[in-house]
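Listed here are the chains, written in short residue letters.
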Amino acid sequence: MGKYDAMWEKLNIDLPAHEGLMEVLGKFYGDIYLSQQGRLQGMEYLDLVLSEIHGLRVKELQEAKQLQGRKVIGTFCVFVPEELTIAANAIQIGLCSGADAGKEQVEKLIPRNTCALIKSFMGFKLARLCPFTESCDLIVGETTCDGKKKAYETFGKIAPMYVMEVPQRKSEQDRALWKAEILRYKETLEKLTGNTITAQSLKKAIVIVNNKRKAIQRLNKLRVADPVPISGRDALLINQVGFYDDPERFTNQVNLLCDQLEEKIARGEGVAPQGTPRLLMSGCPMAVPNWKLPYVTESSGAVIVGEESCVGTRNIRDLVDESGQTLDEMIDALTDRYLKIDCACFTPNSERVDNILNLAKETRADGVLQYTLLFCQPYAQENFRVEKSLQDAEIPSMVIETDYGMEDVEQLKTRIEAFVEMVK
Amino acid sequence: MTLIAGIDIGSRSIEAVVLDGDTVVFSKKMPTTFDPLQQCRELFKEINAPHVVATGYGRNLLAESGLHPDVQTVTEIQAYALGARAVHPEARTILDIGGQDTKAISLLANGKTAKFEMNDRCAAGTGKFLEFMATALQIPIEEFGDFALQATHCPTINSMCTVFAETEAVSLMARGESPANIALGLHQSIVNRTKSMLTRVGITPSLVFAGGVARNPCVVKNLEKELGIQIVIPDNPDMVGARGAAQWGRKHFNA
């Protein structure tokens with residue numbers, strides 16, 4: 001018996017299947033991460049979190065539930081305001097969705113031609129492979145695309161589902177709708193936890209989440225250095241871990257890591273030689289263990305210097321205004337901050353193009369890889385205008401449409417290597 | 001001058017070119033088989049070049065095999081760009097339809113790659129597609145293009161998916177369409193797909209058509225008709241990748 005088997009069994013996890021998944025994940029992690037040369041000491045924290053991905057952190061969640069009566073909220077999207085969750089003394093975590101799981105079961109419930117991310121979160125639940133999903137008292141979805149919206153209807157029959165309506169435009173009416181949705185989420189949390197969200201608790205939570213964002217912002221600024229001090233793979237991992245680790249511990253660890261990066265930069269050390277082609281990754285989110293493209297890219301003679309993605313800058317770019325004193329002022333600040341998110345679900349969404357151009361300049365990227373999950377309509381649609389704008393700015397770009405499968409790795413290698421040769 | 005070998009290890013065939021300066025002193029084409037390294041081993045009995053540049057799907061396989069002390073790799077995109085310029089210095093657009101994939105590359109006036117497109121994991125529009133369809137119609141692949149040129153009429157094949165296109169071909173057969181006409185429809189579907197890929201990268205003359213499918217007269221004729229320009233077919237279209245790899249070596253090793 002493994003040390004977490006009893007806990008997993010209690011959570012109704014399919015133990016043999018889960019063991020298989022952990023084995024694959026462990027090997028994958030070893031190949032992609034541990035094989036990197038000259039990694040920072042601080043990365044050991046991430047290695048620990050990852051190696052214990054379904055163990056230690058889940059145990060913490062269980063203890064928080066049992067000993068402190070705290071509730072666990074699962075999410076799929078950066079629109080769910082973590083500030084409110086924390087203010088209600090609940091714990092917010094991102095859910096499993098970066099690998100193919102439970103495909104056969106999923107395809108009985110939703111169409112085969114659905115994006116891998118949606119199929120995956122449903123598959124993890126149906127195949128009983130995700131202790132995070134099983135730990136949730138509430139799972140919060142959001143209406144960011146038709147695929148998710150409709151899948152949540154089905155998912156709601158097997159999981160405690162709650163859906164926030166994200167508007168599709170950013171006018172006054174849309175802001176009013178979004179504020180109402182934030183208030184409705186606040187009430188839902190208060191009812192679920194039995195805790196009232198006060199100006200004091202919310203103020204504290206806003207600072208906690210802002211600090212988390214500031215830590216990653218700091219990390220991203222350090223990546224401007226040439227030679228670049230940290231691989232894109234590791235930076236992505238940090239973004240990924242930020243979705244399920246304790247926010248304050250995470251912030252401390254990332255800041256420690258940034259201290260080391262600063263020393264490394266001062267010594268002129270990097271993960272790749274000076275002048276290595278720098279690429280920006282843009283588009284769809286990459287949940288753990290979706291590391292295929294970053295791995296292929298960084299094995300092709302390039303280094304990734306930024307992620308324009310929900311698991312990346314879209315999640316941390318904007319802070320919540322901390323000056324609000326009353327609860328209502330803070331709710332307004334939350335509404336405004338979350339409505340700044342430049343998700344492709346919005347129409348129009350010209351901010352995203354501007355943000356990509358700015359980020360490409362800030363990170364001194366030589367090129368942009370637009371990553372799109374197959375069947376992800378909103379980002380696939382935006383690829384065209386993003387490509388056009390990058391072309392006008394004379395920044396080379398290439399669209400990569402793929403899923404979590406490994407059968408296209410060789411073709412991806414050829415395309416990305418050729419792109420790297422082109423931007424050199 | 002140092003001899004430099006360029007080897008293009010594709011899904012279907014392996015091509016090798018040896019350059020002595022600008023002169024091709026050796027060239028050979030052989031099937032890839034299921035043991036490409038064994039094929040390369042045979043090749044090295046005939047070639048004795050201090051530098052090897054590999055391209056194609058097997059490039060890393062060869063580089064990591066230790067069969068030769070100095071193997072560098074380049075992608076097919078770069079190899080075809082360099083190879084096309086070597087055989088035709090005016091080349092600005094390159095089309096390569098190989099066994100497994102199709103590439104369209106546009107070059108700047110100085111020969112640098114401006115943009116490229118490559119098919120994804122699907123075999124739509126590749127040599128594989130033609131091979132598969134020729135087998136379905138029981139025509140040897142080498143004769144498939146000439147066979148299609150005998151058609152009297154071109155039925156539309158809408159599906160680009162190899163499997164579904166076969167289904168369409170079967171239903172056309174069931175409606176009494178002649179095999180030659182069906183063959184033409186299949187060729188035309190490749191032409192349409194290729195045209196849209198070329199359009200996406202932009203078509204600036206001269207357009208050089210490389211890869212095995214460039215030997216298919218029907219694809220060439222219909223593509224010229226569709227594009228309204230004359231296409232340059234190198235003498236040995238299949239050797240362009242290997243030539244380009246060797247050409248890269250010339251620059252790289254300063255030979």
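Keep in mind it's a predicted model, so treat the numbers as computed, not measured.

A.B. asks: Got a minute to help me understand the overall build of chain A in this structure?
C.D. replies: Within chain A one finds 19 helices and 8 strands. What you see for chain A is a C-alpha radius of gyration of 21 Å, in line with the 22 Å of a compact globule of 424 residues. With respect to the principal axes defined by its C-alpha atoms, chain A has extents near 55 × 55 × 45 Å. Looking at chain A as a whole, 60% of its 424 residues qualify as buried. Intrachain contacts of chain A at a sequence separation of at least 6 include 76% that bridge at least 24 residues. Within the structure as shown, chain A displays about 17100 Å² of accessible surface, and the carbon and sulfur contribution to it stands at 51%. The distance from the centre of the 52 positive side-chain charges to the centre of the 62 negative ones in chain A is 2 Å.

A.B. asks: Sorry, what's going on with the overall build of chain B here?
C.D. replies: The number of helices and strands found in chain B is 9 helices and 10 strands. Viewed in the frame of its principal axes, chain B has a C-alpha envelope of about 60 × 40 × 30 Å. Pairs at least 24 residues apart make up 62% of the contacts formed inside chain B by residues separated by at least 6 positions. Element-wise, carbon and sulfur atoms account for 51% of the exposed surface of chain B, whose accessible area totals about 11000 Å². Between the mean site of the 23 positive side-chain charges and the mean site of the 26 negative ones, chain B shows a separation of 5 Å.

A.B. asks: It is not clear to me how the domain arrangement of chain A should be interpreted in this structure. Could you clarify?
C.D. replies: Reports often express the size of an interface as the amount of accessible area lost when the parts come together. Residues and elements named next belong to chain A. Domains assigned within chain A are domain 1 (4-197) and domain 2 (202-320 + 327-334 + 341-423). For domain 1 and domain 2, the distance between their C-alpha centres works out to 21 Å. Contacts between the two partners involve 54 residues from domain 1, matched on the other side by 57 residues from domain 2. Between domain 1 and domain 2, a total of about 5100 Å² is buried, with carbon and sulfur atoms accounting for 68% of that surface.

A.B. asks: Where do I start with the packing of aromatic side chains in this structure?
C.D. replies: Aromatic ring pairs are reported here in terms of the distance separating the ring centres and the angle at which the planes meet. Residues and elements named next belong to chain A. For the structure shown, the criterion picks out 14 aromatic pairs over all chains. Centre to centre, the rings of F76 and F155 are 6.3 Å apart; their planes meet at 70 degrees, and the pair counts as edge-to-face. Of the two residues, F76 sits in the loop between β1 (72-75) and α5 (82-87) while F155 sits in helix α9 (residues 146-155), which places them 79 residues apart along the sequence. With respect to burial, F76 and F155 carry one shared label: buried. Grouped by ring-pair contacts, the aromatic residues F28, Y29, Y33 and W291 constitute a single cluster. Directly above the ring of F346 sits K170, whose terminal nitrogen or CZ lies 4.3 Å from the centroid. The ring of Y338 is capped by R337, whose NZ or CZ atom sits 4.6 Å from the centre of that ring.

A.B. asks: For this particular structure, what's the right way to read the state of the cysteines?
C.D. replies: Covalent bonding between the sulfur atoms of two cysteines is what defines a disulfide. All names here are of chain A. Per the stated rule, a full pass over the model turns up 1 disulfide over all chains. The disulfide partner of C96 is C130, and the S-S distance across this bridge is 2.2 Å. Judged by the sign of its S-S torsion, about 70 degrees, the bond between C96 and C130 is right-handed. One end of the pair, C96, is in the loop between β2 (91-94) and α6 (103-106); the other, C130, is in the loop between α7 (116-126) and α8 (131-135), and 34 residues separate them in sequence. For the pair formed by C96 and C130, the shared burial category is buried. The thiol of C77 is not disulfide-bonded; the next cysteine sulfur, from C310, is found 6.0 Å away. On the accessibility criterion, C77 (9% relative accessible area) is buried. Its sulfur unpaired, C115 is 5.9 Å from the next cysteine sulfur, which belongs to C376. Judged by relative accessible area, C115 falls into the buried class, the value being 10%.

A.B. asks: I tried to follow the pattern of salt bridges on my own but got confused; where do I start?
C.D. replies: Between side chains of opposite charge, a pair can form when the charged atoms approach closely. Residues and elements named next belong to chain A. By the definition in use, this model includes 52 salt bridges over all chains. Between K27 and D31 there is a salt bridge, and its shortest N-O distance comes to 2.8 Å. Separated by 4 residues within a single helix, K27 and D31 lie in helix α2 (residues 15-34), roughly one turn from each other. A relative accessible area of 35% means that D31 is categorised as partly exposed. A single salt-bridge network, built from bridges that share partners, covers E308, R314, R317, D318, D342, R352 and E382.

A.B. asks: It is not clear to me how the packing of helix α3 (residues 43-51) of chain A against helix α12 (residues 232-241) of chain A should be interpreted in this structure. Could you clarify?
C.D. replies: When two helices pack together, their arrangement is captured by the angle between the axes and the distance separating the axes. Residue and element names in this part refer to chain A. Running from N to C, α3 and α12 point in directions that differ by 55 degrees, and their axes come no closer than 11 Å. By the angle between their axes, α3 is oblique relative to α12. Crossing hand, α3 versus α12: left-handed. Across the interface between the two elements, M43, Y45, L46, V49 and L50 of α3 pack against D234, L237, I238 and V241 of α12. When its residues are assigned to classes, the contact of α3 with α12 shows 8 nonpolar, no polar and 1 charged.

A.B. asks: In this structure, what is going on with the packing of helix α3 (residues 76-87) of chain B against helix α9 (residues 240-252) of chain B? I would like to understand it.
C.D. replies: Residues and elements named next belong to chain B. Between α3 and α9, the shortest axis-to-axis distance is 7 Å and the interhelical angle comes to 90 degrees. Our classification of the angle between α3 and α9 gives roughly perpendicular. On the side of α3, the interface is formed by Q78, A79, Y80, L82, G83, A84, A86 and V87, while α9 contributes V240, G241, R243, G244, A245, Q247, W248 and K251. Classifying every residue of the contact of α3 with α9 by side-chain character gives 9 nonpolar, 5 polar and 2 charged.

A.B. asks: What is the right way to look at the environment of R218(A) in this model?
C.D. replies: All names here are of chain A. Looking at the element boundaries, R218 is found in helix α11 (residues 199-222). With 40 residues separating them in the primary sequence, R218 and C258 have C-alpha atoms 7.2 Å apart. Discounting residues that sit within four places of it in the chain, R218 has contacts with N255, C258, D259 and E262. Of note is the side chain of R218, whose polar atom sits 3.3 Å from the side chain of E262.

Reading the values: rules and limits
Residues numbered from 1 in each chain as written. Chains lettered and ligands numbered in written order. Predicted model: local features only at pLDDT ≥ 70, side-chain atom pairs only at ≥ 80, totals over all residues. Heavy atoms only, no water. Helix = DSSP H or I, 4+ residues; strand = E, 2+ residues; numbered from the N terminus. Rg over C-alpha atoms; globule rule 2.2 N^0.38 Å. Buried < 20%, exposed > 50% of the residue type's maximum accessible area, 1.4 Å probe, protein only. Contact = heavy atoms within 4.5 Å. Areas by Shrake-Rupley, 256 points an atom, 1.4 Å probe, with all protein chains shown as cover. Lys, Arg positive; Asp, Glu negative; His and termini not counted. Charge placed at Lys NZ, Arg CZ, Asp CG, Glu CD. Domains from an automatic or database assignment. Buried area = accessible area lost by both parts, 1.4 Å probe. Phe/Tyr/Trp six-rings, centres within 6.5 Å; stacked < 30°, edge-to-face > 60°. Lys NZ or Arg CZ within 6 Å of the ring centre and 35° of its normal. Disulfide = S-S within 2.5 Å. Salt bridge = Lys/Arg side-chain N within 4 Å of Asp/Glu carboxyl O. Axes fitted to C-alpha atoms, helices over the stretch in contact; angles between N-to-C directions. Parallel < 35°, antiparallel > 145°, perpendicular 65-115°, else oblique. Left-handed = near helix turned anticlockwise from the far one by under 90°. Nonpolar A, V, L, I, M, F, W, Y, C, P; charged D, E, K, R; others polar. Polar contact = N/O pair within 3.5 Å; in protein donor to acceptor, adjacent residues only side chain to side chain.

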